[in-house]
Amino acid sequence: MPLLVMKFGGTSVADLDRIKNAAEKVKREVERGYDVIVIVSAMSGKTNELVNWVETTSPLYDAREYDAVVSSGENITAGLMALTLQEMDVPARSWQGWQVPLKTTSAHAAARIEEIPRDNIDAKFAEGMKVAVVAGFQGISPEGRITTLGRGGSDTTAVAFAAAFDAERCDIYTDVDGVYTTDPRITDKARKLDKIAFEEMLELASLGAKVLQTRSVELAMRFNVRLRVLSSFEDNDETSGTLVCSEEEIMESNVVSGVAYSRDEAKMTLISVADRPGVAAAIFGPLAEAGVNVDMIVQDISEEGRTNITFSCPVNQVARAEQAVLKAKDDGEINFHGLVADKDVAKVSVVGIGMRSHTGVAAKMFESLSAEGVNIKVISTSEIKISVLIDRKYMELAVQALHDAFGLEKTA
Ligand code: ASP
Ligand code: MG
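Presented here is an overview of the structure given in this document. No experiment lies behind these values; they were computed from the predicted model shown.

Before going further, it helps to spend a moment on the environment of Glu 55. Structurally, the position occupied by Glu 55 is in helix H2 (residues 46-57). A relative accessible area of 41% means that Glu 55 is categorised as partly exposed. A C-alpha to C-alpha distance of 8.6 Å links Glu 55 and Tyr 66, two positions 11 residues apart in sequence.

Written out as structure tokens, the structure reads:
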């Protein structure tokens, strides 16, 4: 039997009517001849409520009990989905993570999937079950405790099941109808993409296009799982949504496929740092230990043995970053004359696998920003991405200008 994985996010299972709507989509695939593994999230808002209960009860909570509590939202939707399917005469049953068993590491609240043995679920398919409903986001540690995969982890559960069961495709049902060239709230010229390469999606996901958990895209790329993002509130056919797939499946790649942004960034500069071997390690080691997610890094040319080092990080980590570098200074590990934090910056990026073979993308990006009078503060590039830090107040303007400059607008 060909097999499909269908994942329904929190808004798609937010109440009993929506669970029924989702179950109808599952039934349709069964009627088309598929065995289906359904992965469900908790009803929207449920996980937040559970996290809140834990934090209120115990500020310095035991992570094992946190997982015991926050994993429970998915148990409810898994059981309800199985019941709903049974009411529609579709042979279905539910599985909690530990029953599969979905084996993970012991890193509570951020566990990684180690193995998904197929035997239990395959045996039920062999007996005539058509749909296995699995609670997303959860697993079991080697110690036999319940674990969770980190917020948004049901996407990763879905991709891992698709890989383990050689699924034809992994369909991610959500409240948007696909992946867009940019955020439609910023420009109504944003266009839904029919296809996007794993690498591009990875850049867009980690840059803040919140459609898929980044880890799920990494996993899909590693195991070549074809992912489709589509709306659970529309009638879909084979061509609906956006297919996230390998580059080889995309005949004509775009030079630029999307414009991403990240609003809440900060830029920090260490002024006049004594420039000697090991200085970067002495700065970024303590920052990493303090849990600061450093993104861009720029070191100026050195004059008379001193240099400036600039880096960016999320704006809510500025205090932590300041503390870490000031402590390193007190401890005599680094020496600098000043520390400046600019908390009013945003990052805007253009992404596209076509950049590998086309030149002039950076020039075009900088020209269009300059035409809008937007000053660039920091630039960084990778093979398929160019990012700039700019004043936050120009972020929307910059996204719109770049979207126009690279011709991403609606074609119809
Ligand atoms: N319910 C979990 C969360 O809200 C996992 C998920 O939905 O992907 O993070
Ligand atoms: Mg999600």
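Attention shifts here to the layout of surface pockets. What the second largest pocket holds in volume is close to 340 Å³. In terms of lining residues, the second largest pocket is bounded by 14 residues, among which Ile 113, Ala 160, Leu 219, Arg 222 and Phe 223 are the most central. Residue assignment for the lining of the second largest pocket shows that the elements contributing at least two residues are strand S5 (113-115), helix H6 (154-164) and helix H8 (214-223). The element best represented in the lining of the second largest pocket is H8, accounting for 5 residues.

Strand order in the open sheet formed by 6 strands is S14-S15-S13-S16-S18-S17, and the pairing between neighbours is antiparallel. Single-partner strands in this sheet number two, and they are strand S14 (297-299) and strand S17 (378-382). Here the average twist between neighbouring strands, direction ignored, is 25°. With 7 bridges joining them, strand S16 (residues 338-351) and strand S18 (residues 385-391) adopt antiparallel strand pairing. Among the inter-strand pairings, Val 345 is bridged to a residue of S18, identified as Asp 391. Here helix H11 (residues 361-371) sits on the sheet in contact with S16, S17 and S18, set at roughly 20° to S18.

Further remarks concern empty space enclosed by the protein. The tally for this structure, following the rule as stated, stands at 1 cavity of 30 Å³ or more. Looking at the largest cavity, its volume works out to about 90 Å³. Around the largest cavity sit Lys 25, Arg 28, Glu 29, Arg 32, Tyr 173, Arg 228, Asn 236, Asp 237 and Glu 238, which together line it.

Surveying the vicinity of ligand 1 reveals the residues Ser 41, Ala 42, Thr 47, Glu 74, Phe 137, Arg 151, Gly 152, Gly 153 and Ser 154. The separation between a nitrogen atom of ligand 1 and a polar side-chain atom of Thr 47 is 2.8 Å. Between an oxygen atom of ligand 1 and a main-chain N or O atom of Ser 154, the distance comes to 3.0 Å. Relative to its unbound accessible surface of 260 Å², ligand 1 loses 85% to contact with the protein. Considered class by class, the residues forming the shell around ligand 1 number 2 nonpolar, 5 polar and 2 charged.

Parameters at a glance
Residues numbered from 1 in each chain as written. Chains lettered and ligands numbered in written order. Predicted model: local features only at pLDDT ≥ 70, side-chain atom pairs only at ≥ 80, totals over all residues. Heavy atoms only, no water. Helix = DSSP H or I, 4+ residues; strand = E, 2+ residues; numbered from the N terminus. Buried < 20%, exposed > 50% of the residue type's maximum accessible area, 1.4 Å probe, protein only. 1 Å grid on protein atoms, 1.4 Å probe; cavity = no way out; pocket = protein on both sides within 12 Å on 5 of 7 lines; lining within 4 Å. Points joined across faces, edges and corners; volume = space filled by probe spheres on them. Pairing = 2+ DSSP bridges. Axes fitted to C-alpha atoms, helices over the stretch in contact; angles between N-to-C directions. Contact = heavy atoms within 4.5 Å. Near = heavy atom within 4 Å. Polar contact = N/O pair within 3.5 Å; in protein donor to acceptor, adjacent residues only side chain to side chain. Areas by Shrake-Rupley, 256 points an atom, 1.4 Å probe, with all protein chains shown as cover. Nonpolar A, V, L, I, M, F, W, Y, C, P; charged D, E, K, R; others polar.

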